[in-house]
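Analysis of the macromolecular model
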Amino acid sequence: NLAVVATNDAKFYSPTCADLSGGPFACLPSSSATMDSEMQCSPEDSLPKGVPKGACGELGLLAEGYALKATLGHASLYVWAVGLLAAGQASTMVCTYAGQIIMGGCLE
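What you are looking at is a predicted structure, and each value in this text was computed from that prediction instead of being measured. (Residues numbered from 1 in each chain as written. Predicted model: local features only at pLDDT ≥ 70, side-chain atom pairs only at ≥ 80, totals over all residues. Heavy atoms only, no water.)

1. Focus: the overall build of the protein
Across its full length, the protein holds four helices and three strands. Sorting the 108 residues of the protein into buried and exposed places 26% on the buried side. In the protein, 44% of the contacts between residues at least 6 apart in sequence involve partners at least 24 apart. For the protein, the computed accessible surface area is about 7300 Å², with 63% contributed by carbon and sulfur atoms. (Helix = DSSP H or I, 4+ residues; strand = E, 2+ residues; numbered from the N terminus. Buried < 20%, exposed > 50% of the residue type's maximum accessible area, 1.4 Å probe, protein only. Contact = heavy atoms within 4.5 Å. Areas by Shrake-Rupley, 256 points an atom, 1.4 Å probe, with all protein chains shown as cover.)

2. Brief notes about the nonpolar core
Nonpolar side chains in soluble globular proteins tend to end up buried together. Residues Phe-12, Ala-26, Leu-28, Ala-67, Leu-68 and Trp-80 constitute the largest nonpolar core, which totals six residues. Broken down by secondary-structure element, the contributors of at least two residues to this core are β1 (26-28) and α3 (61-72). In terms of nonpolar packing, the next biggest core, distinct from the first, is built from five residues, Cys-17, Cys-27, Cys-41 and Cys-56 among them. (Core = buried A, V, L, I, M, F, W, Y, C linked by side-chain atoms within 4.5 Å.)

3. Points about the confidence of the model for the protein
With 80% of its residues at a pLDDT of 70 or more, the protein shows a mean pLDDT of 77. Confidence, expressed as mean pLDDT per element, reaches its minimum in the protein at strand β2 (residues 40-41) with 72 and its maximum at helix α4 (residues 75-107) with 89. (pLDDT = per-residue confidence, 0-100.)

4. Brief notes about the sheet that holds β1
Strand order in the open sheet made by the three strands is β1-β3-β2, with antiparallel pairing throughout. Taken across any chain shown, the strands that pair with only one partner, and hence form the sheet edges, are β1 and β2. (Pairing = 2+ DSSP bridges.)

5. A closer look at the environment of Glu-58
With respect to the secondary-structure elements, Glu-58 resides in the loop between β3 (54-57) and α3. Along the backbone, Glu-58 and Leu-28 are 30 residues apart, and their C-alpha atoms lie at a distance of 8.3 Å.

6. Regarding the environment of Ala-67
Mapped onto the elements of the fold, Ala-67 is located in helix α3. Under the relative-accessibility criterion, Ala-67 is labelled buried at 0%. In sequence terms Ala-67 and Pro-29 are 38 residues apart; their C-alpha atoms lie 6.4 Å from each other.

Okay, structure coming up:
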């Protein structure tokens, strides 16, 4: 989680987007997901050369993968997908184990 937060701060934070009403929003590359605003932004040196300025938008689970792909490369999309899969599996195992313990206590 800390790595994702640090990457998002370094790549997508823009004071212009953070101060918009209804936000805070992130400065997303224009090639990523749909934008919530037409406000142009440019995080300080976070967009690689050749990527045009971005627009302010909400950074959710879907937009995160495409925004990482646009800024860090194609492999980051797959790293993000594996991370989501691992988080889902961990959550499933914890809830199943907790339910098993609770039901074991109820049956006694």
